[in-house]
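# Commentary on secondary and tertiary structure
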Protein chains: 2
Amino acid sequence: MRIGIIGAGQLGRMLALAGYRLGQRFVFLDHSADAPGGQVGQIVLGEFDDPRRLAELAERVDILTYDVENVPAAAVQEIARRTRFLPPPAALEAGQDRLNEKRLFARLDIPAPDYRVVDDRAQLDAAVDALGLPAVLKTRRLGYDGRGQFVLRSRADLGPAWSALGRVPLILECFVQFEREVSSIGVRSTSGELAHYALTENRHESGILVRSHAPCDAPELERTAREYVERILANFDYAGVLTLELFVADGRLLANEIAPRVHNSGHWTIEGAVTSQFENHVRAVAGLPLGSTELVAPSAMVNLIGGVPDLEGLLALPGAHVHLYGKAPRPGRKLGHVTLVGPDHAALDARIEAVRALLPA
Amino acid sequence: MRIGIIGAGQLGRMLALAGYRLGQRFVFLDHSADAPGGQVGQIVLGEFDDPRRLAELAERVDILTYDVENVPAAAVQEIARRTRFLPPPAALEAGQDRLNEKRLFARLDIPAPDYRVVDDRAQLDAAVDALGLPAVLKTRRLGYDGRGQFVLRSRADLGPAWSALGRVPLILECFVQFEREVSSIGVRSTSGELAHYALTENRHESGILVRSHAPCDAPELERTAREYVERILANFDYAGVLTLELFVADGRLLANEIAPRVHNSGHWTIEGAVTSQFENHVRAVAGLPLGSTELVAPSAMVNLIGGVPDLEGLLALPGAHVHLYGKAPRPGRKLGHVTLVGPDHAALDARIEAVRALLPA
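Residues numbered from 1 in each chain as written. Chains lettered and ligands numbered in written order. Predicted model: local features only at pLDDT ≥ 70, side-chain atom pairs only at ≥ 80, totals over all residues.

## Let's talk about the overall build of chain A
Scanning chain A for helices and strands turns up 12 helices and 18 strands. Over its C-alpha atoms chain A spans a radius of gyration of 20 Å, differing by no more than 12% from the 21 Å that the globule rule assigns to 361 residues. If one aligns the C-alpha atoms of chain A with their principal axes, the spans along those axes are about 55 × 50 × 40 Å. Restricting to contacts in chain A with at least 6 residues of sequence separation, those with at least 24 account for 61%. (Helix = DSSP H or I, 4+ residues; strand = E, 2+ residues; numbered from the N terminus. Rg over C-alpha atoms; globule rule 2.2 N^0.38 Å. Contact = placed C-beta atoms within 7 Å.)

## What about the sheet that holds strand 3 (residues 42-45) of chain A?
Residue and element names in this part refer to chain A. Ordered by their spatial adjacency, five strands build an open sheet running 3-2-1-4-5, and the pairing between neighbours is parallel. What marks the edges here is a single partner per strand, and that holds for strand 3 and strand 5 (84-85). Judged from the two bridges that link them, strand 4 (residues 63-66) and strand 5 form a sheet pairing that is parallel. Bridge pairing in strand 5 places isoleucine 63 opposite arginine 84. Across the face of the sheet, helix 1 (residues 10-20) comes into contact with strand 1 (2-6) and strand 2 (25-30) while running at roughly 170° to strand 1. (Pairing = 2+ DSSP bridges. Axes fitted to C-alpha atoms, helices over the stretch in contact; angles between N-to-C directions.)

## Let's talk about the interface of chain B and chain A
On the chain A side, the residues contacting the 25 residues of chain B number 25 residues. Listing elements by their share of the side of chain B that touches chain A, those giving two or more residues are helix 1 (10-20), helix 11 (311-315) and strand 17 (320-324) of chain B. By residue class, the composition of the side of chain B that touches chain A is 13 nonpolar, eight polar and four charged. (Nonpolar A, V, L, I, M, F, W, Y, C, P; charged D, E, K, R; others polar.)

## A closer look at the pairing of strand 15 (residues 252-259) of chain A
Residue and element names in this part refer to chain A. Where strand 14 (residues 240-249) meets strand 15, seven bridges bridge the pair, whose relative direction is antiparallel. Each residue of the ladder has a partner; that of alanine 249, found in strand 15, is arginine 252. Connecting strand 14 to the antiparallel partner strand 15 that follows it, the hairpin turn spans two residues, and aspartate 250 within it adopts a positive phi of roughly 50°.

## Section: the relation of the copies chain B and chain A
When chain B is fitted to chain A, the best match, at an RMSD of 0.0 Å, comes from turning it 180° and sliding it 0.0 Å along the axis. The superposition operator between the copies reduces to a two-fold rotation axis. When the interface residues of chain B are mapped onto chain A, 100% of them again lie at the interface, so the same face is used by both copies. (Least-squares fit on C-alpha atoms with pLDDT ≥ 70 in both.)

## Digging into the domain arrangement of chain A
Domain parsing of chain A yields domain 1 (2-85), domain 2 (114-174) and domain 3 (180-356). Its C-alpha centre places domain 2 of chain A at a distance of 29 Å from the equivalent point of domain 3 of chain A. (Domains from an automatic or database assignment.)

## Considerations on the environment of arginine 60 of chain A
Residues and elements named next belong to chain A. Among the structural elements, arginine 60 can be located in helix 2 (residues 51-60). For arginine 60, a count of 15 C-beta atoms within 10 Å puts it in the partly exposed group. In the structure, arginine 60 is positioned 57 residues away from isoleucine 3 in sequence and 8.6 Å away in space, judged by C-alpha atoms. Apart from the residues lying within four places of it in its own chain, the contact partners of arginine 60 are Arg2, Gly4 and Val27. (Buried ≥ 20, exposed ≤ 12 C-beta atoms within 10 Å, placed from the backbone.)

## Some remarks on the environment of glutamine 96 of chain A
Residues and elements named next belong to chain A. Mapped onto the elements, glutamine 96 comes out in helix 4 (residues 89-96). Glutamine 96 sits 66 residues away from aspartate 30 along the chain, and the two C-alpha atoms are 19 Å apart. Contacts of glutamine 96, omitting those with residues within four sequence positions, involve Glu69, Ala73 and Arg141.

## Topic: the packing of helix 4 of chain A against helix 5 (residues 98-107) of chain A
Residue and element names in this part refer to chain A. Their axes nearest at 5 Å, the elements helix 4 and helix 5 cross at an angle of 110°. It follows that helix 4 is roughly perpendicular to helix 5 by the angle criterion. Taking contact as the criterion, the partners of Glu93, Ala94 and Gly95 in helix 4 are, on helix 5, Asn100, Glu101 and Leu104. For the contact of helix 4 with helix 5, a count of residues per class yields two nonpolar, two polar and two charged. (Parallel < 35°, antiparallel > 145°, perpendicular 65-115°, else oblique.)

## Describing the confidence of the model for chain A
Any region with low pLDDT has predicted coordinates that should not be read closely. Residue-level pLDDT values for chain A average 94, and 99% of them are 70 or greater. Scored by ipTM, the complex comes to 0.93, with pTM at 0.95. (pLDDT = per-residue confidence, 0-100.)

Next up, the structure:
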């Protein structure tokens, strides 16, 4: 089968590397020929919102999927009328707008932090009156890796926050004093087959994921998170991998956001699960049976961010599985990741420290 | 690093898929753009013995390796003067000619079946007189997957065998009544670091490998085989993966042939070893530290040969790791393989049967 991927970032690259093993073929759409995916497959050069380039991609493949969420919904609706497009465009749209997402959570009875819509400065003041401080002002669209967010700690922050973000539709959200951040990754096939990966605990710095580990050893939370994921999958008659990020606060789960795609917090599944999130996404959208999501052993993932990774040093670490994306170094940029598998969390912690000792300062 | 691979078959494809994870880049040389490697990387179109195309490939990369053994030695010698070429051309040359190989085994004191050189019909008769029957007449060059061989069982076979093969230099080899066929796969880095995979037992049908399993549970044979491999690696100041195929006859090892490259009998290492033969070959030729060759669990590999593989059926088998090469079906053609990992040989045997039940008749 020929699969088109809109976006040729590291997620698309890893989807293709997993799908090639199953004999699938891949063509990407991206504005850079040297994008991580372009290095490992054919590429149509163009912008994600260029209808001619989208049409060109669609003509060359049997099925379309994406590795970015900022594909304009209108362009997708149009293309999906002619070419099978999975996950469903409606899920992509829901994930693009924090307000849609909030309304989805409410409709599906999934607890989430309280929020207010902020379309003008007066609404910002009213929202702060209603929710109190601290609170987080977020753009409704195009936020990722901590971008498009501003934490308001006092009234004095309102002016700068409004100056920084006020040109686009916003929401104000309660600041959640969480104990842990977790993600629940599920997959649903075109035939409705369901599978879940172990609940994953994530640590962020400056809004960017720095490391994950699985399992969480919180069976009750894992059960509840999977139930939430299944509600979302069913709602969209979904096919593919979907990630739900949640906070754990006062021992309860609060949904933070959905990513209707494979996710950085699931990179450990390449070695840590019987079938990776990437292979299962390809299987799901290609109409193939899902593979086992079973955990091989406790696993951890450390992101390689910013500076040139010490490849030789990392490869010399026993049991370190190194993944580089072929990207040029740049501050804050995700260049690769390292997965560590088993035997237990104590051993993993020691090996995480060994990896971190090799990271550029 | 940019790595050039001469030949874009399934071995090249799997080398690239392993190397991409380490951020390496790949360009192939092959006469078909739709070759398995061409589907997953850039390709220079041309014949392996076309000096202009070889030069074009060399200009685009930092290092050259190969996935086929029939690259003409003269062309390689020429190109290796300008571009780093690994494994060393001398090893490639030794593997290209059965007589060179026999002389190598003799020089390194590695037991091998007795043989005679056959350059004309009279020498064939004399060789049969000396070695007796049955015996195997083999072309010195370009034999693989059982091609270029003729088993002589009686004097009546000599005429047809000579008609079939007599236009090229040959050897006549004793027919070995073996108990098992095994292969020992080793890897050596540019810094002289050494590692070995578990001794693998192989089963052939009509000269084509149909399945392998590892480990062999024959520690004494494994030790001896590794010693032989190390002699060969040292002899060539080798870098990369090298495979030694051997017969076990009367409980003793007899060297059959070397493949100075990754090998079909090592495909199980993708899931069954901590680091696959493909990743370790890339690490070795790129001057990176080797990864652990440790066995994850007992493993088996079944080749998918000839007819259209039942992908859906195979993917639905628990624990089956399916690899397809993107090749069109054709009788006798290796289209993919399935790896099965652990927990033990009894469980593996049951799962091998489940895979074989799905193979085209």
